[in-house]
Amino acid sequence: MQSNIFSNGDLEPCPLCNSTERIVDNQRAEISCALCGLVLDESLVDNGPEWRAFDHEQRDKRTRVGAPLTYTISDKGLTTTIDWKNKDSNGRMISERNRAQMYRLRKWNKRLRVSRAGERNLAHALSEIDRVSSKLDLPRSPVREDASVIYRQATKKQLIRGRSIESMVAASIYTACRRCDIPRTLEEISEMSQVPKKQIGKNYRFLARELNIKLKPTSPVDYIPRFATRLGLSNKVQIKAIDIINISMKNGFNSGKGPTGVAAAALYIASMLLGERKSQKVVAGVAGVTEVTIRNRYKELSELDLGTSL
């Protein structure tokens, strides 16, 4: 029996023996007097962990009693899913009659989870968010969760009506990337979602306005690690490119210019300075900009005092 004995002068004395010593029985959820055994309180709330352990291996893992809540599933992961197997929990084969019954139960269980049109559309949209996010290598937390929350908010305010699910999904993912500081360009999202870039930008601005989402401008520095990794450039080149961008930002150079073009030009300059030169064509292909953009940004950066000769 797991019990603890404690004494406190601030406690009310026992009505039978006037003792202030108590015994807490965790198994029976009772508090009793330590001298006479009178039960003073019962049905205590267990404030312990939710996990249960039946052996040392389970105790070490400390597994919880269920999966966490997630917004990436239409039912938030709260409903029960009937799995399909030919064997029961004891490993015995299920009879043909029971197998057909389990198949029908599983079929109706799946139908009832998305019985209404709104639930079906939400389930389709969330699966599309997961598909596009997987192609973009976006983490489940926080980007996919945030994109799902944004789409749910748009659905609740009836902002989806009159617009395609795919375009609103793409706009939700782009908004989540901006809000979580994990930059992805409109070109990348357009390529993976098969939605025109112009449509994604339009829906993105619509969501930000209607949902009152405040987003800071994307910095070219955010694109440096990803572009440099794809180009096979060293950490020294990345640091040099970031220094170039910081100097240009102090001079107000980035105002009104695309962040991907500035990042590509800074990497191009840094690669030349440190002897890891990459051609403008290669850098432009990785950054998703044209060679003309890199040349223009290169000329403009060359006019700044970067502390070195270009």
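To start, this report covers the structure provided alongside it.

Reading the values: the criteria
- Residues numbered from 1 in each chain as written.
- Predicted model: local features only at pLDDT ≥ 70, side-chain atom pairs only at ≥ 80, totals over all residues.
- Heavy atoms only, no water.
- Helix = DSSP H or I, 4+ residues; strand = E, 2+ residues; numbered from the N terminus.
- Areas by Shrake-Rupley, 256 points an atom, 1.4 Å probe, with all protein chains shown as cover.
- Axes fitted to C-alpha atoms, helices over the stretch in contact; angles between N-to-C directions.
- Parallel < 35°, antiparallel > 145°, perpendicular 65-115°, else oblique.
- Left-handed = near helix turned anticlockwise from the far one by under 90°.
- Contact = heavy atoms within 4.5 Å.
- Nonpolar A, V, L, I, M, F, W, Y, C, P; charged D, E, K, R; others polar.
- Expected span 1.5 Å × (residues − 1).
- Buried < 20%, exposed > 50% of the residue type's maximum accessible area, 1.4 Å probe, protein only.
- Arc of directions from axis to C-beta.
- Patch = residues over 30% accessible without salt bridge, like charges linked within 9 Å, V, L, I, M, F, W, Y side chains within 5 Å.
- Salt bridge = Lys/Arg side-chain N within 4 Å of Asp/Glu carboxyl O.
- Lys, Arg positive; Asp, Glu negative; His and termini not counted.
- Charge placed at Lys NZ, Arg CZ, Asp CG, Glu CD.
- Core = buried A, V, L, I, M, F, W, Y, C linked by side-chain atoms within 4.5 Å.
- Pairing = 2+ DSSP bridges.

### Looking at the overall build of the protein chain
Okay, step 1: A tally of regular secondary structure across the protein chain gives 12 helices and 4 strands.
Okay, step 2: If you sum the accessible surface of the protein chain, you get close to 19,600 Å²; carbon and sulfur atoms cover 49% of it.

### Observations concerning the packing of helix α5 (residues 165–179) against helix α7 (residues 197–210)
Working note: a packed helix pair is described by the angle between its axes plus the distance between those axes.
Okay, step 1: Interhelical geometry of α5 versus α7 gives an angle of 65° and a closest axis separation of 8 Å. One way to sum up the angle between α5 and α7 is to call them roughly perpendicular. The hand of the α5/α7 crossing is right-handed. For the pair α5 and α7, contact is made by Ser167, Met168, Ala170, Ala171, Ser172, Tyr174, Thr175 and Arg178 and by Gln199, Ile200, Asn203, Tyr204 and Leu207, respectively.
Okay, step 2: When its residues are assigned to classes, the contact of α5 with α7 shows 7 nonpolar, 5 polar and 1 charged.

### Examining helix α3 (residues 117–135)
Okay, step 1: Here α3 contains 19 residues, and its C-alpha end-to-end distance of 27 Å stays within 8% of the 27 Å for a straight helix at 1.5 Å per residue.
Okay, step 2: Among the residues of α3, those classed as buried are Leu122, Ala125, Leu126, Glu128, Ile129, Val132 and Ser133. Relative to the axis of α3, the buried residues are bounded by an arc of 160° and lie together on one face.
Okay, step 3: Contacts made by the buried residues of α3 are with α4 (140–156), α5 and α6 (186–193).
Okay, step 4: Backbone geometry just downstream of α3 places Asp137 in the positive-phi region, at approximately 60°.

### Re the environment of Leu215
Okay, step 1: Of note, Leu215 is situated in the loop between α7 and α8 (224–231).
Okay, step 2: On the basis of relative accessibility, which here comes to 22%, the residue Leu215 falls in the partly exposed class.
Okay, step 3: Separated by 35 residues in the primary sequence, Leu215 and Cys180 place their C-alpha atoms 9.8 Å from one another.
Okay, step 4: Filtering out sequence-adjacent residues up to four positions away, Leu215 remains in contact with Thr175, Arg178, Arg179 and Tyr204.

### A word on the environment of Ser127
Okay, step 1: In this structure, Ser127 sits in helix α3.
Okay, step 2: Measuring from C-alpha to C-alpha, the distance between Ser127 and Ile73 comes to 7.9 Å, with 54 residues separating the pair along the chain.

### Things to note about a positive patch on the surface
Okay, step 1: Residues Arg163, Lys198, Lys202 and Arg205 make up a contiguous surface patch of positive charge.
Okay, step 2: The topology assignment puts Lys198 in helix α7.

### Side note on the nonpolar core
Okay, step 1: Formed by 33 residues in total, the largest nonpolar core has its most connected members in Ile129, Leu138, Tyr151, Val169, Ile173, Ile189 and Leu207.
Okay, step 2: Taken together, the elements giving at least two residues each to this core come down to α3, α4, α5, α6 and α7.
Okay, step 3: Residue contributions to this core peak at 9 residues, all from α5.
Okay, step 4: When residues no more than four places from it in sequence are discounted, the contact partners of Ile173 are Ile129, Val132, Ser133, Leu136, Leu138, Ala147 and Ile189.
Okay, step 5: The next biggest cluster of nonpolar side chains, apart from the first, holds 27 residues, and it includes Leu233, Ala264, Ala284 and Ile294.

### Regarding the pairing of strand β2 (residues 21–25)
Okay, step 1: Bridge count between β2 and strand β3 (residues 30–33): 4 bridges; the pairing is antiparallel. Note that in β3 the partner of Asp25 across the bridge is Glu30.
Okay, step 2: Count of turn residues in the β2/β3 antiparallel hairpin: 4 residues, of which Ala29 carries a positive phi of about 60°.

### So, the pattern of salt bridges
Okay, step 1: Applying the stated criterion to the full structure yields 11 salt bridges.
Okay, step 2: Note that Arg144 is salt-bridged to Asp130, the shortest N-O span being 2.9 Å. Here the residue Arg144 occupies a position in helix α4, and Asp130 occupies one in helix α3, the gap between them amounting to 14 residues.
Okay, step 3: Here Arg144 falls in the buried class, since its relative accessible area comes to 12%.
Okay, step 4: Judged by relative accessible area, Asp130 falls into the partly exposed class, the value being 30%.
Okay, step 5: The closest approach of N and O atoms between Asp181 and Lys216, which form a salt bridge, is 4.0 Å.

Worth remembering: the numbers are spatial, not functional.
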